[in-house]
Protein chains: 2
Amino acid sequence: MALDFMKVSEGDAIRVAPDLLRAHVAGMFRACGVPDGHARLTAEILVTADLRGVDTHGVNGSIRYTEEIRIGRYTIPQELRVLSDSPATALLSNGNGLGYVGAHRAMEMAIEKARATGVGQVAVCDGHHIGMVAYYAMMALEHDMIGVAMTNSTRHARPAGGVEARVGTNPIAFAAPTWHERPFVLDMATSTVASGKVGLARRLGVSMPEGWVVDRHGEPVTTPPAPADHDWALNPLGGSLSLGGHKGYGLGVMVDVLTGVLSGGGYSGRLPAGDNHSWMMAIDIRQFRPVAEFKAMMDEMIAALHATPPEPGTDHVLVAGDPEAKTFEERSRAGIPLHRTLVEELRARARELGSAILI
Amino acid sequence: MALDFMKVSEGDAIRVAPDLLRAHVAGMFRACGVPDGHARLTAEILVTADLRGVDTHGVNGSIRYTEEIRIGRYTIPQELRVLSDSPATALLSNGNGLGYVGAHRAMEMAIEKARATGVGQVAVCDGHHIGMVAYYAMMALEHDMIGVAMTNSTRHARPAGGVEARVGTNPIAFAAPTWHERPFVLDMATSTVASGKVGLARRLGVSMPEGWVVDRHGEPVTTPPAPADHDWALNPLGGSLSLGGHKGYGLGVMVDVLTGVLSGGGYSGRLPAGDNHSWMMAIDIRQFRPVAEFKAMMDEMIAALHATPPEPGTDHVLVAGDPEAKTFEERSRAGIPLHRTLVEELRARARELGSAILI
């Protein structure tokens, strides 16, 4: 959910057309040796994150990924390999390349398996950053399936009761189709906030609400710390023990079990920054009950949630996916507001790589 | 996670032998016409909750369930029926009887399906209260599988930004096997606390931490309110919007999608108190990678989490399932400390029903 005080102000933003942005970013990847299909797929997922207002997981990532490719940390072109396979499951190696490519293929495979057996589950190892996890969960929607996507990451969050980061922000995404209402799309870090939000607060020069970050003594930190400084940790969702911090921590470890341990890629505590392993699931609704009935009940439930009387200071109660869908509609029409320094960086990187400058 | 200030004090407790308690409770159910197998199964699950220290979901429930049977709200004996079936999924009707029976059968079916296809998923409709959800998730452990169990319930928690309860406490349980360490067993309400904790605080006459409950204006409530009073709601896990209340709320709705909407039984907002629909999943680890390697990595991860430096006031960092496993060991030896008023109630109910008084 976007926090208003962390939005890029219109004065600092340049509105960019999504099509040109996709082409610009895909060109950057191609110029690094990424095959056209993989380049376009990755650009598509990055721009979708920007369109949905998930700016921390948008085209800003392309700067980092092209650098990882340049220094040889990613294997390009990458080769996806199925390491194990059963009617409803598979383990896929991402081939140490762009995380987006393996994660996308894993959800495609999960959907195929779900069509045949009712459920499909694919774990991905040898992976890297996969961006906005909601993208993969949402791939199930057009097939009238429920989609679930998770990924782990290096240590950012402290276990409840501890003072050192040992668990990743380990997000969970869950998407379910509807009829007339917007689809239900949950996409959440299992820490209080995603680590990108700390970086964004730092870039914008704003302080963070108490409860996001603690120091080595467990004391709250409100000035955004430097990323390389390891003397801080995110709180798990829930915060203190009496308010459920052990739950956010437990969910983070659950994600590690499904992504890192089940795939063999490794749990958060073993992962260097930039290594990420994933887990995708698709559930074929029609194997349980008629899809039309499922969707009608989804609509009814969402309408009832929207109709909840709001607390003072809140206009109306939202359902997961509402803010992102609204931003998607607005930015699809008016263009994506990128911070002008990011536009400069994207142009400079394209110049460096020799790809076309299209924004 | 047990909150110390909410424990029954030894002075108020009578230690009861688990075997006698099982037999006492099973006898009560049989005296209501419940078939022997269903009676023993339900008693077993209830006593396991007490052994694990989950007192809100233990044999105290038998008072309520025998009353539901007496007034004809439960159909006894119940008939389980498979309403739809695919290689990896099924929809099971609980036949409007004891929720425990259908939930247990659903996890058995999920395990059978997982052995055949890699994953099994069974949704349950026509259900009632299923108690401690961890029980079902843990059934997968001895099969070297990962188990997941969820159930929905009537409205207790407010959506983030709303002031009226519209979502159940909708718990999630997740269990994964280990080698030498205790298994990882997460069992959490998606609200800040389970509603039973409010009832327990009321019974014990203690006040609640700020953050558990709000009134109709969204203001915190610390005096435990009466259950029939609808002017309060639990907070979703995370609490306020800036600290992630929309995430706990989103997880609660996710549980409703899988349990209530996928099964057709209905989401929290439509459920009368005591109606609950469920969803079980088993994942066969060996379809992904060798079980021994999986378990060795689980052990390594858990040991690393335990080794996190603790914050001031915390002895050592725990992993989900630790407190319950410790309590299980202690109570298996020393007996289950039941509040003396509960022992009186269980004796009185047995007398009323004409079953043997064994505690």
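Residues numbered from 1 in each chain as written. Chains lettered and ligands numbered in written order. Predicted model: local features only at pLDDT ≥ 70, side-chain atom pairs only at ≥ 80, totals over all residues. Heavy atoms only, no water.

1. What about the overall build of chain A?
- Of regular secondary structure, chain A possesses 10 helices and 12 strands.
- With the C-alpha coordinates of chain A rotated into their principal frame, the extents come out at 55 × 50 × 45 Å.
- Taking all 359 residues of chain A together, the buried fraction comes to 62%.
- In chain A, the share of contacts with a sequence separation of at least 24, taken over all contacts with a separation of at least 6, comes to 67%.
- Of the roughly 12700 Å² of accessible surface on chain A, 51% is carried by carbon and sulfur atoms.
- For chain A, the separation between the mean place of its 33 positive charges and that of its 40 negative charges on side chains is 3 Å. (Helix = DSSP H or I, 4+ residues; strand = E, 2+ residues; numbered from the N terminus. Buried < 20%, exposed > 50% of the residue type's maximum accessible area, 1.4 Å probe, protein only. Contact = heavy atoms within 4.5 Å. Areas by Shrake-Rupley, 256 points an atom, 1.4 Å probe, with all protein chains shown as cover. Lys, Arg positive; Asp, Glu negative; His and termini not counted. Charge placed at Lys NZ, Arg CZ, Asp CG, Glu CD.)

2. Structural notes on the pattern of salt bridges
- For the structure shown, the criterion picks out 52 salt bridges over all chains.
- In this structure, R40 of chain B engages D36 of chain B in a salt bridge whose closest nitrogen and oxygen atoms are separated by 3.4 Å. Residue R40 of chain B and its partner D36 of chain B are located together in helix α2 (residues 36-51), separated by 4 residues, close to a single helical turn.
- Residues R216 of chain B and E164 of chain B are paired through a salt bridge, measuring 3.1 Å at the closest nitrogen-oxygen approach. Of this pair, R216 of chain B sits in the loop between β8 (213-215) and β9 (220-221) while E164 of chain B sits in the loop between β5 (145-151) and β6 (172-176), and the two are 52 residues apart along the sequence.
- One salt-bridge network, in which partners are shared between bridges, spans E67, R70, R349 and E352 of chain A. (Salt bridge = Lys/Arg side-chain N within 4 Å of Asp/Glu carboxyl O.)

3. A look at the interface of chain A and chain B
- Taken together, the contact between chain A and chain B spans 89 residues of the former and 90 residues of the latter.
- The junction of chain A with chain B conceals about 7100 Å² of combined surface from both sides, 70% of it contributed by carbon and sulfur atoms.
- Three residues stand out in chain A for area buried against chain B, namely K247, L262 and F288 of chain A, and they jointly supply 11% of the buried area on that side.
- The interface formed by chain A and chain B holds 4 salt bridges in total.
- The shortest N-O distance in the salt bridge between R270 of chain B and E300 of chain A comes to 2.8 Å.
- Here the side of chain A that touches chain B gets 14 residues from one element, more than from any other, and that element is helix α7 (residues 245-263) of chain A.
- Class assignment of the residues belonging to the side of chain A that touches chain B gives a composition of 53 nonpolar, 25 polar and 11 charged. (Buried area = accessible area lost by both parts, 1.4 Å probe. Nonpolar A, V, L, I, M, F, W, Y, C, P; charged D, E, K, R; others polar.)

Note that all results are geometric; they support no functional claim without further evidence.
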